[in-house]
Number of protein chains: 4
Amino acid sequence: MVQVAVAGASGYVGGELLRLLLAHPDVEIGALTAGGNAGTRLGEHQPHLLPLADRVLQETTSEVLAGHDVVFLALPHGTSAELAAELGDGTLVIDCGADHRLVDAAAWERWYGGAHAGHWPYGLPELPGARDALRGARRVAVPGCYPTAASLALFPALAAGLAGPEVVITAVTGTSGAGRALKPHLLGAEVMGSLSAYGVGGVHRHTPEIAQNLSKACGTPVTVSFTPVLAPLPRGILASCSAPLSGDAAAVREAYAKAYADEPFVHLLPEGTWPTTAATLGSNTVHLQVTVDADAGRMIAIAAIDNLTKGTSGGAVQCMNLALGLPETAGLPFTGVAP
Amino acid sequence: MVQVAVAGASGYVGGELLRLLLAHPDVEIGALTAGGNAGTRLGEHQPHLLPLADRVLQETTSEVLAGHDVVFLALPHGTSAELAAELGDGTLVIDCGADHRLVDAAAWERWYGGAHAGHWPYGLPELPGARDALRGARRVAVPGCYPTAASLALFPALAAGLAGPEVVITAVTGTSGAGRALKPHLLGAEVMGSLSAYGVGGVHRHTPEIAQNLSKACGTPVTVSFTPVLAPLPRGILASCSAPLSGDAAAVREAYAKAYADEPFVHLLPEGTWPTTAATLGSNTVHLQVTVDADAGRMIAIAAIDNLTKGTSGGAVQCMNLALGLPETAGLPFTGVAP
Amino acid sequence: MVQVAVAGASGYVGGELLRLLLAHPDVEIGALTAGGNAGTRLGEHQPHLLPLADRVLQETTSEVLAGHDVVFLALPHGTSAELAAELGDGTLVIDCGADHRLVDAAAWERWYGGAHAGHWPYGLPELPGARDALRGARRVAVPGCYPTAASLALFPALAAGLAGPEVVITAVTGTSGAGRALKPHLLGAEVMGSLSAYGVGGVHRHTPEIAQNLSKACGTPVTVSFTPVLAPLPRGILASCSAPLSGDAAAVREAYAKAYADEPFVHLLPEGTWPTTAATLGSNTVHLQVTVDADAGRMIAIAAIDNLTKGTSGGAVQCMNLALGLPETAGLPFTGVAP
Amino acid sequence: MVQVAVAGASGYVGGELLRLLLAHPDVEIGALTAGGNAGTRLGEHQPHLLPLADRVLQETTSEVLAGHDVVFLALPHGTSAELAAELGDGTLVIDCGADHRLVDAAAWERWYGGAHAGHWPYGLPELPGARDALRGARRVAVPGCYPTAASLALFPALAAGLAGPEVVITAVTGTSGAGRALKPHLLGAEVMGSLSAYGVGGVHRHTPEIAQNLSKACGTPVTVSFTPVLAPLPRGILASCSAPLSGDAAAVREAYAKAYADEPFVHLLPEGTWPTTAATLGSNTVHLQVTVDADAGRMIAIAAIDNLTKGTSGGAVQCMNLALGLPETAGLPFTGVAP
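None of these values were measured; they are calculated from a predicted model.

Caption draft 1: Representation of the interface of chain B and chain A within the structure. With 41 residues of chain B in contact, the opposing surface of chain A contributes 41 residues. Summed over both partners, the interface of chain B with chain A comes to about 3200 Å²; 64% of that surface belongs to carbon and sulfur atoms. At the boundary of chain B and chain A, one finds two salt bridges. Between D295 of chain A and R110 of chain B there is a salt bridge whose closest N-O contact spans 2.4 Å. Applying the counting criterion to the chain B and chain A interface returns 10 residue pairs in polar contact (both at pLDDT 80 or more). Breaking the side of chain B that touches chain A down by element, the ones donating at least two residues are α5 (105-111), β7 (166-173), β8 (196-197), β9 (223-230), β10 (237-244), β12 (286-293) and β13 (298-305) of chain B. Looking at the side of chain B that touches chain A element by element, the count peaks at five residues for β9 of chain B.

Caption draft 2: Examining the interface of chain B and chain D more closely. Every contact between the two is made by 18 residues of chain B and, on the other side, 18 residues of chain D. Across the chain B to chain D interface the summed buried area is about 1500 Å²; carbon plus sulfur atoms make up 69%. Contact with chain D buries area across many residues of chain B, yet L182, L187 and M192 of chain B alone supply 42% of it, more than any other trio. Our enumeration of links across chain B and chain D arrives at two salt bridges. Its salt-bridge partner being R180 of chain B, residue E190 of chain D comes within 2.9 Å of it at the nearest N-O pair. Viewed at the interface, chain D and chain B are joined by eight residue pairs in polar contact (both at pLDDT 80 or more). Tallying contributions element by element places helix α8 (residues 188-191) of chain B first for the side of chain B that touches chain D, with four residues.

Caption draft 3: How the structure looks around the relation of the copies chain B and chain A. The transformation that overlays chain B on chain A combines an axial shift of 0.0 Å with a rotation of 180°, and the residual RMSD is 0.0 Å. Both copies of the chain, as the preceding transformation shows, are related through a two-fold rotation axis. Both copies present the same face, since 100% of the interface residues in chain B are matched by interface residues at the equivalent positions in chain A.

Caption draft 4: Seen up close, the UniProt feature "domain: Semialdehyde dehydrogenase NAD-binding" (unreviewed entry) in chain A. Per the UniProt entry, the sites bearing "domain: Semialdehyde dehydrogenase NAD-binding" (unreviewed entry) are residues 3-135 of chain A in this numbering. With 29% helix and 17% strand, the stretch residues 3-135 of chain A has end C-alpha atoms that lie 18 Å from each other.

Caption draft 5: Inspection of the relation of the copies chain B and chain D at higher detail. If you rotate chain B by 180° and push it 0.0 Å along the axis, it lands on chain D with an RMSD of 0.0 Å. When you check the interface residues of chain B against chain D, 100% turn up at the interface there too, and the contact is symmetric in its surfaces.

Caption draft 6: Focus on the pattern of salt bridges. Under the defined criterion, the tally for this structure stands at 52 salt bridges over all chains. The shortest N-O distance in the salt bridge between R41 of chain B and D54 of chain B comes to 2.9 Å. Of this pair, R41 of chain B sits in the loop between β2 (27-34) and α2 (42-45) while D54 of chain B sits in the loop between α2 and β3 (58-59), placing them 13 residues apart in sequence. Overall, R41 of chain B belongs to the partly exposed group, its relative accessible area being 23%. D54 of chain B sits in the exposed class, given a relative accessible area of 60%. Put simply, R101 of chain D and E209 of chain D hold a salt bridge, and the shortest N to O gap is 3.6 Å. Taken together, the residues R101 of chain D in the loop between β5 (92-95) and α5 (105-111) and E209 of chain D in helix α9 (residues 206-218) connect sequence positions 108 residues apart. The same class applies to R101 of chain D and to E209 of chain D, which are both buried. Salt bridges sharing partners connect three or more residues here, namely E16, R19, R235 and D306 of chain A.

Caption draft 7: Seen up close, the packing of helix α1 (residues 12-22) of chain B against helix α11 (residues 309-324) of chain B. All names here are of chain B. Following both chains from N to C, one finds α1 and α11 inclined at 50°, their axes separated by 9 Å at the closest point. It follows that α1 is oblique to α11 by the angle criterion. Every pair of crossing elements has a handedness; the one defined by α1 and α11 is right-handed. Side by side, α1 and α11 meet where V13, E16, L17, R19, L20 and L21 of the first sit next to T309, T312, S313, G314, A316, V317 and M320 of the second.

Caption draft 8: Expanded view of the packing of helix α7 (residues 145-159) of chain D against helix α11 (residues 309-324) of chain D. Residue and element names in this part refer to chain D. In the contact formed by α7 and α11, the axes pass within 8 Å of each other and the chain directions differ by 105°. Between α7 and α11, the angle falls in the class roughly perpendicular. On the side of α7, the interface is formed by C145, T148 and L152, while α11 contributes K310, G311 and T312. Here the residues of the contact of α7 with α11 are counted per class, giving two nonpolar, three polar and one charged.

Caption draft 9: Region of the structure containing the pairing of strand β1 (residues 2-7) of chain D. All names here are of chain D. Of all six residues that make up β1, five are buried, and the element is covered over most of its length. Pairing geometry for β1 and strand β2 (residues 27-34), over five bridges, is parallel. Bridging from a neighbouring strand, V2 pairs with V27 of β2. In this fold, the crossover linking β1 to β2 by way of helix α1 (residues 12-22) has right-handed handedness. The pairing of β1 with strand β4 (residues 70-73) spans four bridges and is classified as parallel. From the neighbouring strand, A5 faces β4, where its bridge partner is V71.

Caption draft 10: Molecular detail of the sheet that holds strand β12 (residues 286-293) of chain A. Residue and element names in this part refer to chain A. Strand order in the open sheet made by the seven strands is β8-β9-β7-β10-β13-β12-β11, with mixed pairing throughout. Bordering the open sheet on either side are β8 (196-197) and β11 (266-268), each of which pairs with just one other strand. Its contacts with the sheet put helix α7 (residues 145-159) on β7 (166-173), β9 (223-230), β10 (237-244), β11, β12 and β13 (298-305), and the angle it makes with β10 is roughly 35°.

Caption draft 11: Fine view of the sheet that holds strand β9 (residues 223-230) of chain C. Residue and element names in this part refer to chain C. Taken in spatial order, the seven strands make up an open sheet running β8-β9-β7-β10-β13-β12-β11, and their pairing is mixed. Only two strands of the sheet have a single partner each, and these edge strands are β8 (196-197) and β11 (266-268). Relative to strand β12 (residues 286-293), β11 runs parallel, the two being bridged by three bridges. Paired with H267 across the strands is H287, a residue of β12. Taken strand by strand, helix α7 (residues 145-159) contacts β7 (166-173), β9, β10 (237-244), β11, β12 and β13 (298-305), and its axis lies near 35° from that of β10. Lying on the sheet, helix α10 (residues 249-259) is in contact with β11, β12 and β13; it crosses β12 at an angle near 165°.

Caption draft 12: Just empty space enclosed by the protein, in detail. Taken as a whole and judged by the stated rule, the model has six cavities of 30 Å³ or more. In this model, the largest cavity occupies a volume close to 720 Å³. Around the largest cavity sit 45 residues that line it, and M192 and P232 of chain A, P232 of chain B, P232 of chain C together with M192 of chain D are the ones nearest its centre. Secondary structure elements with two or more residues in the lining of the largest cavity: α8 (188-191) of chain A together with α8 of chain B. Residue classes in the lining of the largest cavity are distributed as 34 nonpolar, five polar and six charged. Quantified by volume, the second largest cavity comes out at close to 90 Å³. Along the walls of the second largest cavity sit 16 residues, with V168 and T170 of chain C together with V168, T170 and S240 of chain D positioned nearest its centre.

Criteria and thresholds
- Residues numbered from 1 in each chain as written.
- Chains lettered and ligands numbered in written order.
- Predicted model: local features only at pLDDT ≥ 70, side-chain atom pairs only at ≥ 80, totals over all residues.
- Heavy atoms only, no water.
- Contact = heavy atoms within 4.5 Å.
- Buried area = accessible area lost by both parts, 1.4 Å probe.
- Salt bridge = Lys/Arg side-chain N within 4 Å of Asp/Glu carboxyl O.
- Polar contact = N/O pair within 3.5 Å; in protein donor to acceptor, adjacent residues only side chain to side chain.
- Helix = DSSP H or I, 4+ residues; strand = E, 2+ residues; numbered from the N terminus.
- Least-squares fit on C-alpha atoms with pLDDT ≥ 70 in both.
- UniProt positions renumbered as here; feature names shortened; annotations may be inferred.
- Buried < 20%, exposed > 50% of the residue type's maximum accessible area, 1.4 Å probe, protein only.
- Axes fitted to C-alpha atoms, helices over the stretch in contact; angles between N-to-C directions.
- Parallel < 35°, antiparallel > 145°, perpendicular 65-115°, else oblique.
- Left-handed = near helix turned anticlockwise from the far one by under 90°.
- Nonpolar A, V, L, I, M, F, W, Y, C, P; charged D, E, K, R; others polar.
- Pairing = 2+ DSSP bridges.
- Right-handed = clockwise from strand over helix to strand, strands pointing away.
- 1 Å grid on protein atoms, 1.4 Å probe; cavity = no way out; pocket = protein on both sides within 12 Å on 5 of 7 lines; lining within 4 Å.
- Points joined across faces, edges and corners; volume = space filled by probe spheres on them.

Laid out in structure tokens, this is it:
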């Protein structure tokens, strides 16, 4: 059995990691740590995780995390590099935070500020070449939730030269993506019954990550106009993505069918069926559809994911499976919880 | 007092019309009609409209509607032309449906099918030249809810030559926009906790209407890539709109400030503040913000409205005010109901 | 015009007061104050209140509040007595908080702790005798939201001797009732998709207030089993209330019809129709229905209100109208915003 | 492997059965049938069940259902007796509908109308004596969702003589409990932002079922005042239950601790912690808390379940496990999906 620790166990990403790990056939759950919640029972924060309810959260230190085969970090950015260094290469460290996602130090400094901590193998196995880099890896940078949805929605067309490199994305998300932060605009009374855009105009930190993924996949610089929208649901991302069309409908569809033919978690829906986030709730699947708009000269792809599962914690477990040589799908649900 | 009848009083648009008309200082509410619900009390369908609860719905016929100064039609498309002809020019007919929105008969036939009923003065007073055409009009075609949001979000930049004519719109909406239709995907259990796209790829019927508005406003053909997204809230549209940038940020902002300086219902928010649909709930206001993304070379505008108020019924009452020479803002709320 | 100040203008109750006061024909809005938000624009906190968006919030002091005809206090409990004393009897002080609701000092100390500040005329005009005490009053204690719904649902049967004095109440509420407090369980991601009980077993502070109202109305001590439930909606209370039956269905119905025959804001629905909170959204109305369960030997009454309107701020404005001799319904909506 | 068929596979209960059965280690999914949806792909109705998406729904006939070890019926009431008779005793028939829940034919006729089809072993294993009757059973009547929550919340106190037999229940539910019925009041736009009571006054069909369970458990007739409330969430029941208190707090708590000490799916939460339905989403667990209100002389118990899982389909699978001699918890999730 693989011994696993989770740092940041009282947050949403940590909770989702634990939900999945509890159902993983090859995993034993070890230390659970937290920041301000250290010393409290997990059950106070994650009442849905009954089998772990009486576990007491420890401090997030390398001493507590040491001695596990795998350590998941679900922490604020800026903290993982030091912890990983202290844990050494004997431990597989999977960072659900942003620290090691960007290759370009200048992009890091512009969007996050502070020094760049370097980059780790990027944990989106469905991107061209990514899976091989994750097999046997000792460090993994789990993608952001928006980049997961948007990159998978767009790369097949761009990589196949069927869409131009100026992409436009509006992605609508549930509020768990913001974590358990106590901010007025995340209060239930503000969120329910409201839609709001934020981080408009290229300032959202997931923008350079999407550009990095798509530029690499199609071998040419891609510009990304990205607008995130907050909607009244706990989980789910629906990414509405488009790009200038340079092929025909059949070729576009064929590119997606080919790109995802062997992917266990990415499903190109039957023609005419559009994704719903509800169908992905709690699952590691991506529901995808693509079409072309000849009048507007654009191809449009829509992807739906659960931001906490495939968008973060499920993707992280998938990467663990790959890094450890376990079956890639172990412990990961294919079916959503609906309605 | 102006005598007003509402056809389609048991639906969402009819209900919102009546809510506004009850608070209108110059209006007396006359006949209320319905289709299948004729013969029932209004209170069964609109329990929020207490003062009208005991009114019995009549059949939607020109006999019942005749004799009023104003008749609002909140009916399925394809029915208003005949009713309007029977009512004659003595009656101001305000059609909340689609029949007379499109100027181009070919566009009508392509997106709606059947014969084009012709076009009426278009009821979006904030578009260039539109207000004058509405003063004294005897017929008004109320815009669709998405076209209201998207056209107001985009035309100032396009008309000023600060953005190119290939626009991309993803607009997220509450479910009342679909009316009271009994369809499985509109059930609460399906809607709550889910986001879904529909009518993707230029097939939504509001696409040609948006193109018509923007093309006219900027004097050149505009192509529209439009993706509507259904989200779990009863009311509200958040339109995320962008276009290739051909000016600078200051000029763009100035264009919007100028376009809406004297508009009572369109509010360009202070810089850095982004619209929320909750702030517009039940009001006739549009909350708007605009920015530029230099990296992506696009200008982005976000508009929030209540799809039933400014998006349909409030816009309709605003048009009635203009057509009758009443104060344009009479009976129309500026403030939303929040949280 | 009546000059009005609002203390606590950046919270939900303050915002709802201002929404109503903006539409009040006899009111001019003066000073707006806040605690931690003093010095900021109102528009940052209440973007729906466009006409006041640029008002800057002042400190909550008696100096700032002095000189107005009416001061509404929407403050944490424990602060109103001192402010009111400083303002003097020349000012009508309407306290939306709890400080002066309870007559019994021992009950105050048990449920709130600290010294009892005394009691003021109780602002629920529909209770027997209450309206007269409010005419010309200089101080008003606005009821809690649950006591408003539960007291109006129950008193007619109890006062008429048709139901016994051991009442059981489960009241479901939207999350704005908790105010803008930054607590994890009020985050949108926690609230949406969840129902939860809290303050179970008589510990909720509204329990003694309900008991006080019902005991006074029926002239005998009433015991109250009260369970509040939090549900995923911004506004609304649905109070499910029952008591041992000691009359028949017709007599019960007659008691309610009689009690509310002349009340502008309390509506006994037609038989067989049950209240929905949506029908009351943003209005000052109470929707009420009553029935008997002969098998269980209980009468059951269900009341729906908007917790921020009739439940707090609307009730407060209604009291202001009474205290100042204005028409009781001035500025108060009868119709809800639905769907 | 156990061969299983599901009749009514396109509805919510059928979909939840299939979600659970897909994860069950001992089950192979055979025929899937439907009524009006026969002939269509399951994926059209249950897009979350990817592994079964291309299965075509067959007609609900005994010919199609024959030859399976287990047949789950998720059908409208009135249809299961005939189907079960045709299938014979060789097939384990588990009826998720109401037909065979009530022992008392008069109660059946009063609440459902028509002839009573007789009663089958009642599928709530946690009730005293129920588990034994389910082991090896060939027919199972799955309880209603409300009776599951309310019976488990109340029976330990009643059976122990710590609470009197006049119980009062207000249970709040998500809208999937009403099934996929196309009714206006179940539309998303009506449901979101609203709370409503229905079936008030003892007329809801689950009333006699709760009374039957509690009367049997405590050996004396129990009267039930039951009020269901519809709230804006897809899944979840929170049952607020109370009864006259005839013991003390410690004894009450002890009775619950004892009743559920060995139950895998019923969790008495730590003192001071109250259940949330979110913690049970998609799981077969019941979260329970109990307290006493000395002032009101009542004991209060609150239970949270997922109405589709433990409330129906999960309970049904639990009964299948018992009937077939499989581990009772096989294929049933303990952890909810939250937030």
